[in-house]
Amino acid sequence: MTECTTIAPASTPAFPLDQWYVAGFAWELQDAPLARTLLGRPVVLFRTPDGSVAALEDRCCHRELPLSCGTVEARGLRCGYHGLLFDRAGQCLEIPGQQRIPPKACVKSFDLRERDQILWIWMGATPDSVPAQEPPAYPVHGDARYRFGGDVYHYDAPYQLIHDNLLDLSHLGYVHLKTIGGNAGVHMNAELKVRQDGDSVTVLRWMPDSDPPPTYAAAWPFAGRIDRWQEVEFHPSHVRIWTGAMDAGSGQLDDPQREGFHMRGFHGVTPETEHSAHYFWTIATNPHPDMQDTTRLVIDQTAATFEEDKVVIEAQFRNQQRFGARPVIDIHVDAGPNRARRVISRLREASARALAAA
């Protein structure tokens with residue numbers, strides 16, 4: 001990781017640092033560089049012809065053109081203004097028409113790893129911060145039982161509002177009636193369990209003997225009523241959601257090997273700024289062997305639900321800005337989101353202490 005170009009961190013970081021965050025998906029990096037602002041830092045992502053991935057500060061050290069305006073070559077990324085060539089570590093390798101390369105001709109690099117088709121970037125609290133562990137694995141993307149697809153959304157809203165939404169699925173019965181919703185009363189009265197293990201928060205919701213919502217009925221040949229589950233696993237940089245259903249009475253909802261219709265969602269929620277966020281999502285499903293492949297239906301209807309969520313969350317934030325700081329109430333479905341917010345607050349404080357000690 002090149003540190004020759006220093007980015008001055010905030011005295012109190014707005015986000016937890018010394019964390020892996022989702023920067024994108026493997027399929028996004030083709031022949032051209034990709035510009036993204038992550039945790040307030042302009043970054044350019046690129047893949048060299050040998051398949052290696054890299055992330056640099058999106059600023060040439062010569063005349064400050066974004067490096068994302070340049071081109072990818074075998075040895076790295078060439079600036080689109082005067083042709084300076086930078087390698088994956090941010091070191092300038094070539095200045096056209098000039099033999100000598102100044103020692104300060106370099107740009108900051110970031111640790112970027114590709115794992116399970118997810119691009120993870122390390123955002124350190126201090127200039128000498130290095131990854132303490134490998135980025136999270138997500139084996140669902142390589143599991144032969146599942147087929148998946150996904151996309152990237154941009155939200156004009158803080159990233160923790162997205163966390164709140166994902167950790168409280170009681171809203172499905174009101175927001176997503178045409179897809180994965182179902183009876184609102186059943187959702188609001190579902191058995192709810194919340195547990196915490198370190199920085200991870202898990203929310204379990206069971207809805208036995210309920211009617212299948214439209215997406216479920218279209219994707220799986222249920223005999224009638226269903227036993228339905230929702231398992232949400234929060235981590236500071238991403239959320240994993242396992243939802244699904246089986247014919248009522250056909251198995252145990254606490255059986256990790258339960259049969260039936262499965263939807264496994266990956267949700268990489270990465271702040272862009274304090275008031276905007278990137279939302280990287282995939283949905284994986286297990287097509288029924290006796291039905292025409294319904295993977296595309298599940299992906300499309302999942303996308304439709306996320307579009308509905310986006311409208312709600314952005315409207316919520318606009319109203320928060322409109323009314324300013326006002327007291328709000330909590331209800332029973334807020335247990336998971338509130339715990340996640342406490343995790344984020346604690347990690348921010350830890351990042352502030354690391355900065356103060358640097």
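An unreviewed UniProt entry lists the protein chain under the name Rieske (2Fe-2S) domain protein, with Delftia acidovorans as the source organism.

**Q** Mind showing me how you'd approach the packing of aromatic side chains here?
**A** Summed over all chains, the structure comprises 14 aromatic pairs. Between Phe25 and Trp27, the ring centres sit 4.5 Å apart and the planes meet at 15 degrees, which makes this aromatic pair stacked. By relative accessible area, Phe25 is classed as buried at 0%. A ring pair is formed by Tyr155 and Tyr279, whose centres lie 5.7 Å apart and whose planes are at 70 degrees; its orientation type is edge-to-face. Of this pair, Tyr155 sits in strand 12 (residues 147-155) while Tyr279 sits in strand 18 (residues 276-285), and the two are 124 residues apart along the sequence. Taking relative accessible area as the criterion, Tyr155 reaches 0% and is therefore assigned buried. By relative accessible area, which is 2% here, Tyr279 ends up buried. Here the aromatic residues Tyr153, Tyr155, Tyr279, Trp281 and Phe306 are joined through ring pairs into a cluster of three or more. Over the aromatic face of Phe110 sits the side chain of Lys108, whose NZ or CZ is 4.9 Å from the ring centroid.

**Q** Just checking my understanding: could you explain the sheet that holds strand 14 (residues 200-210) for this structure?
**A** Hydrogen bonds between backbone groups are what pair the strands of a sheet, and the pairing can be parallel or antiparallel. Strand order in this open sheet of 7 strands is 12-18-17-16-15-14-13, and the pairing throughout is antiparallel. This sheet does not close on itself; its edge strands, each paired only once, are strand 12 and strand 13 (191-197). Neighbour-to-neighbour, the strand axes of this sheet turn through a mean angle of 15 degrees, independent of strand direction. Relative to strand 15 (residues 226-235), strand 14 is paired through 8 bridges, and the arrangement is antiparallel. Bridged to Thr202 within strand 15 is Glu233. Of the strands in this sheet, strand 12, strand 14, strand 15, strand 16 (238-247), strand 17 (261-273) and strand 18 touch helix 1 (residues 159-167), which is tilted by about 165 degrees from strand 17. Against the sheet, helix 5 (residues 295-323) touches strand 12, strand 17 and strand 18, its axis set at about 20 degrees to strand 12.

Reading the values: the criteria
Residues numbered from 1 in each chain as written. Predicted model: local features only at pLDDT ≥ 70, side-chain atom pairs only at ≥ 80, totals over all residues. Heavy atoms only, no water. Phe/Tyr/Trp six-rings, centres within 6.5 Å; stacked < 30°, edge-to-face > 60°. Buried < 20%, exposed > 50% of the residue type's maximum accessible area, 1.4 Å probe, protein only. Helix = DSSP H or I, 4+ residues; strand = E, 2+ residues; numbered from the N terminus. Lys NZ or Arg CZ within 6 Å of the ring centre and 35° of its normal. Pairing = 2+ DSSP bridges. Axes fitted to C-alpha atoms, helices over the stretch in contact; angles between N-to-C directions. Contact = heavy atoms within 4.5 Å.

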